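# A closer look at the structure
Next come the chains, spelled out residue by residue.
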Amino acid sequence: MMARLKRRAWLSAGNLALGILLLWAGWHLFDWAVLQAVFLPDASACHALEGAGACWGVVAEKYRVIFFGRYPLEEQWRPLLAIFVMLGLLGASAIRRRRGRRLALLWASGLTVFLLLLKGGLFGLANVDTPRWGGLPLTLMLTVFGLGGAFPLAVLLALGRVGRWAALRALCTVFIEIVRGVPLVAVLFMAAFLFPLLMPKGWDIPSLLRVLVGIILFAGAYMAEVIRGGLLAVPKGQAEAAQSLGLSYWHVQLSVILPQALRKVLPALMNSAIALFKDTSLVIIVGLFELTGALGLAVDGDPKWRAFALDGYLFIAIIYWIGCFAMSRYSRALERTT
Amino acid sequence: MKIIFLLAVLLCPGLACAGKTSDAILERGQLACGVSTGVAGFSAADSKGEWRGMDVDFCRALAAAVLKDPNKVRWSPLTSQQRFTALQSGEIDVLSRNTTWTLGRDAGQGLVYAGYIFIDGQGFLVHKRSGVMSAKQLDGAEICVQTGTTTEKNLAEFARASRIRFKTLMFENLRAVLKAFFSGRCQAFTADASALASIRANDSGKPEDYVVLPERISKEPLGPVVRRGDEDWFAVVRWTLFALLEAEERGITQANVDALRARSDDPAVQRLLGVGEDVGKPLGLDREWVYRVIKAVGNYGEIFERNVGPASLLQLPRGINALPRDGGVMYAPPLR
Amino acid sequence: MKLRAYALQALIVVAILLTLYGLATVVAARMRGLGVEPGFGFLGQRAGFDIGDTLIDFDAADTYGRAFVVGLLNTVAVALVAIVASLLLGAVAGLGQLARNRLFARLCVAYVELFRNVPLLLQVLIVYVLLIGRLPLPHEAWHVFGDWGPDVWLSKSGLSLPWPVWSNGALILERPVLGTFTFSGGATLTPEFIAVAAALTLFTAAYIAEVVRGSVQSVSQRQREAALALGLDEAQTLRFVVVPQALRSMIPPLANQLLNLIKNSSLAVAVGYPDLVAVADTTLNQSGHAVECIAIIMVVYLFLSLLTAAIMGGWHARLLRRQGGSA
């Protein structure tokens, strides 16, 4: 009894100390990020801070380049609108009542509008080439289209790897293991350096497409392993039962096994999505300026603001955090309901 | 499909059947210009995303000469790893991205330099409190370098030649390397002197606390690069550069170019501005190309002043980049 | 039927191999056209650049090949340190999320959510800048163990500590000495190494914590209650009942996280830690052998990954054998 009381006392003393420490750290953070911070685009005020506060002025000055990269200035309402279209789509899918065909239709039309807004060339919108896309819309686009392309590839690879054909099994295994064994940086390097060497003169494949292919291959291999885990977890009896009903192999796989497998690994697939969202920050290697790259583009060549790049980094870290946190909450909600 | 594709490549070994660059530009209606991802004063995006700098102005001059409109340029920001591949693969027509002219690059890699637009040299920036007055005193010091250039090689050679040792810290990221230097992680930062001057003036917050050492440990003539194998396009790029110099020599500026064209009776000026002898035809250009170039970006001196000169953020003196009559080496052969 | 299937499979394999061969030929031809002779001969050439942080001796007169070895060793070093640290931190944060102390559990959840959801590149940069900003200059270095302890100094130049070296055939302890600019002698953990290792650890541990939490939660509550009813205390229950079962389901996802960690160490280049990718990057620039450099990166990482996967797989198999169950 005494021992337990003693332990309690220690615990609450520990809690108190921890609490005070947290409060202290929290206050300092607040002081630095809000009270002492400079919010106006005034470089000399930022220099005068000497680190006592955050310089959000760098965001106030460079927000156009940070958010939209190299997109033409006078057309920037289009990527802005495109961001909202994409967020709307994601939001609509998160509401669980809408399902199936209607959702597919919504996505198809939403993505068309998204691409149309960015690319233009129709309905009186000026044409904007893909190398000029950048910032947040590019990050969203690479994530969503990367996932969209990677998912079917992953399903095929996973089915191939657990399937009946030995050669196909070997090929899928080799592909998956090779891609999973190398850093994304190396895959993107290939997209940047090897592709141009493979293409004959005049066959110009835009780098956006090149990295998208790289991302799809990379994410596809990862998701294939996740899906394979799900496939293996579906009891064998299911496939046998379905086959004894006279269904063909592919029919069994696609309409009996796969749906069950996918339901099992939904949280893990969501993790892959989160990872991809963060990994898009590497496409700077091929000269595409998504959110992180756009920040570099905005500050690297400007001696006036270059010193405050870190504050800009913190700002986009917050954007990434919001996106990832929302996805992981959604994933946990899914975990509970399925 | 695949067979056709393979055949197309095999029948086209390397650059042998590359088309004419000028034709490709005219057909595209845009000049594809490779620039940096952000080097202050040379090529960098401003807060509105517009490209500015000396290298940028040179591409605008080229577009004015070939396409008659300085705005018809497609900018490709390239990292230093990508720049040559982009040119070799035909993604860009000209690389105007402070790239040092060296033998290995000029002869070995399917590239050719059209000249130099800015002469730089690698130097050292140190903290004043260290008391260092010469790079030779840096024995044993930690030196920050940004990779992707000839910089790290020059540094190693300088150390060897001076029989001293450095601890080299190579960074890929300019923001990281500047943070490292200014927070005192390394005792010196080495880069092209022009970059050091602007970093000292702007990034430090306190220029008086930092010194650029007097040594220049390398020669860095920076200039536009084109693909090997297209002599005509090479000539256009090279002579556009010379035209900018010639215009400065003759006192032709953006402001007075119209007036001079209307009433100058100096034959050299007349020739340059398209009212005298035709200097466009040998290049496959029209008679008024130099007029358009100067009208669009001004002469070499104006480009220098606007982007890197004493009044700009970089605050560089003209120095070796002046015309020969002012003690520099920016010399143009006669345009006739 | 069988025969036709085999023939088709063989055809597919042959077609893929032929395509790969064709592509390789094209790349080689194009490189020759650009004046670059394809092949790995350049590895024997003089590198001409220095590397600051090396485990073996290296200077500019050494070859590109040796530079790659230096980079590889650096990658392995930082990955090993981060693997050990992130397993420890991940276990603490993972179990901590389930702790009965609400404040501590909340803190662990907050840690996981904060570090999991920000790109690693940004974390590396932020950790590095905070680190070099806070540490003292070499001349004002902190004497970590005071004046009486071993000679360990902490400054912007890193953690300098005594290190045994061979001198005239005898092993002596060399102590770090402050020179004109920085410390020399002994061994140094540079701030770049520390920042990369720390950021990799913080990032990966957040993921490992989730793996640990998931696996522990998957061990049913009933088992835990039964163990407690048998008179085991909480720590014993955890040690003898929960962890052994959780480990079984934990190892495969854990292996994935370790693979990610090894590959993520390639971001070290951002803060100037000379890992394999950094060396390859510089070499690619100097020599123009882009394709070969990328091939080296890919093969080495592939090897490291397969090695890690094999080790983790072996451990998993042994665990299953010993526990006599199936996963």
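Residues numbered from 1 in each chain as written. Chains lettered and ligands numbered in written order. Predicted model: local features only at pLDDT ≥ 70, side-chain atom pairs only at ≥ 80, totals over all residues.

### Points about the overall build of chain B
Assigned secondary structure in chain B consists of 13 helices and 14 strands. Relative to a compact globule of 336 residues, whose C-alpha radius of gyration would be 20 Å, chain B shows 21 Å and is just as compact. With the principal axes as the frame, chain B shows a C-alpha extent of 60 × 60 × 40 Å. Counting only residues that meet the buried cut, chain B has 56% of its 336 residues in that class. Across chain B, the fraction of contacts at a sequence separation of at least 24, relative to all contacts at a separation of at least 6, is 72%. (Helix = DSSP H or I, 4+ residues; strand = E, 2+ residues; numbered from the N terminus. Rg over C-alpha atoms; globule rule 2.2 N^0.38 Å. Buried ≥ 20, exposed ≤ 12 C-beta atoms within 10 Å, placed from the backbone. Contact = placed C-beta atoms within 7 Å.)

### Some points on the overall build of chain A
Check the secondary structure of chain A and you find 14 helices and 1 strand. For chain A, the C-alpha atoms occupy an extent of roughly 80 × 75 × 40 Å along the three principal directions. Burial statistics for chain A: of 338 residues in total, 43% are counted as buried. Looking at chain A alone, contacts between residues at least 24 apart form 69% of all its contacts between residues at least 6 apart.

### Observations concerning the sheet that holds strand β9 (residues 142–146) of chain B
All names here are of chain B. The 5 strands lie next to each other as β10-β9-β11-β8-β12, forming an open sheet whose pairing is mixed. Two strands in the sheet have a free side with no partner beyond their single neighbour: β10 (167–171) and β12 (210–212). Each neighbouring strand pair of the sheet contributes to a mean axis angle of 25 degrees, computed without reference to strand direction. As judged from the 3 bridges shared by β9 and strand β11 (residues 188–192), these two strands associate in the parallel manner. (Pairing = 2+ DSSP bridges. Axes fitted to C-alpha atoms, helices over the stretch in contact; angles between N-to-C directions.)

### Comments concerning the environment of Leu178 of chain C
Residue and element names in this part refer to chain C. Mapped onto the fold, Leu178 is located in strand β6 (residues 177–178). Residue classification places Leu178 among the partly exposed residues on the basis of 16 C-beta atoms within 10 Å. Spatially, the C-alpha atom of Leu178 lies 9.6 Å from that of Trp153, the residues being 25 residues apart in sequence. Those residues within four positions of Leu178 in sequence are excluded, and the remaining contacts are Pro138 and Phe183.

### A few points about helix α6 (residues 151–161) of chain B
Turning to α6 of chain B, its buried residues are Thr151, Glu152, Asn154, Leu155, Ala156, Phe158 and Ala159 of chain B. Among the residues trailing α6 of chain B, Arg163 of chain B stands out with phi positive, at a value near 55 degrees.

### As for the domain arrangement of chain B
Residue and element names in this part refer to chain B. The domain architecture assigned to chain B consists of domain 1 (20–119 + 222–240 + 298–319) and domain 2 (122–218). Computed from C-alpha coordinates alone, the two centres of domain 1 and domain 2 are separated by 27 Å. The interface is formed by 12 residues belonging to domain 1 together with 8 residues belonging to domain 2. Of the residues assigned to the side of domain 1 that touches domain 2, the class counts are 5 nonpolar, 7 polar and no charged. (Domains from an automatic or database assignment. Nonpolar A, V, L, I, M, F, W, Y, C, P; charged D, E, K, R; others polar.)

### Here we look at the interface of chain B and chain C
Counting residues at the interface gives 36 residues for chain B and 42 residues for chain C. Of all the elements in the fold, those that place two or more residues in the side of chain B that touches chain C are α1 (2–10), α4 (83–88), α6, β10 and α7 (174–182) of chain B. The leading source of residues in the side of chain B that touches chain C is β10 of chain B, at 5 residues. Class assignment of the residues belonging to the side of chain B that touches chain C gives a composition of 12 nonpolar, 16 polar and 8 charged.

### Structural notes on the interface of chain B and chain A
Chain B puts 31 residues into the contact, and the matching count from chain A is 29 residues. Broken down by secondary-structure element, the contributors of at least two residues to the side of chain B that touches chain A are α1, β2 (44–45), β4 (73–78), α7 and α8 (193–203) of chain B. Of all the elements, α8 of chain B adds the most residues to the side of chain B that touches chain A, at 4 residues. In the side of chain B that touches chain A, the residues fall into 14 nonpolar, 13 polar and 4 charged.

### Brief notes about the sheet that holds strand β2 (residues 153–155) of chain C
Residue and element names in this part refer to chain C. As summarised here, the arrangement of the 4 strands in space is β1-β2-β3-β8, forming an open sheet in which the pairing is antiparallel. The open sheet has two edge strands with one neighbour each: β1 (142–143) and β8 (187–189). Note that β2 and strand β3 (residues 158–161) share 3 bridges and pair antiparallel. Within β3, the position partnered with Trp153 by the bridge is Ser160.

### Focus on the pairing of β4 of chain B
Residues and elements named next belong to chain B. The element β4 is extensively covered by neighbouring structure, given that 6 of its 6 residues are classed as buried. Here strand β1 (residues 31–36) runs beside β4; their pairing, made up of 6 bridges, is parallel. From the neighbouring strand, Val35 faces β4, where its bridge partner is Pro77.

### Observations regarding the nonpolar core
Judged by nonpolar contacts, the single largest core of 279 residues is most densely connected at Leu188 of chain A, Val293 of chain B together with Val124, Val196 and Val271 of chain C. Per-element tally for this core: the top contributor is helix α5 (residues 191–218) of chain C, with 18 residues. Not counting residues within four places of it along the chain, the set of residues in contact with Val293 of chain B comprises Ala61, Ala64, Ala65, Thr240, Ala243 and Leu244 of chain B. (Core = buried A, V, L, I, M, F, W, Y, C linked by C-beta atoms within 7 Å.)

### Here's the deal with helix α3 (residues 102–116) of chain C
All names here are of chain C. Spanning 15 residues, α3 covers 21 Å between terminal C-alpha atoms, matching the ideal 21 Å at 1.5 Å per step. Turning to α3, its buried residues are Cys108, Val112, Phe115 and Arg116. Across the axial projection of α3, the buried residues extend over an arc of 100 degrees, all falling on one side. More than 90 degrees from the buried face of α3, the exposed residues found are Arg102 and Ala110. The inward-facing, buried residues of α3 abut α2 (64–96) and α5. (Expected span 1.5 Å × (residues − 1). Arc of directions from axis to C-beta.)

### Some thoughts on unusual backbone geometry
Residues and elements named next belong to chain B. Positive phi, close to 55 degrees, is recorded for Arg163, a residue that is not glycine. Within the secondary structure layout, Arg163 lies in the loop between α6 and β10. A positive phi angle is found at Gln315, which is not glycine, with a value near 55 degrees.

### Brief notes about the confidence of the model for chain B
Residue and element names in this part refer to chain B. Per-residue confidence for chain B gives a mean pLDDT of 86; residues scoring 70 or more make up 94%. When the criterion is pLDDT under 50, residues 1–18 qualifies, and its contacts beyond four places in sequence or with other chains add up to 23 contacts. ipTM for the predicted complex: 0.81, alongside a pTM of 0.84. (pLDDT = per-residue confidence, 0-100.)

### Some remarks on the pairing of β1 of chain B
Residue and element names in this part refer to chain B. The buried count for β1 comes to 6 of 6 residues, which makes it a mostly enclosed element. Both β1 and strand β5 (residues 94–95) contribute to a ladder of 2 bridges, which runs parallel. In the strand pairing of β5, Gly34 is matched with Leu95.

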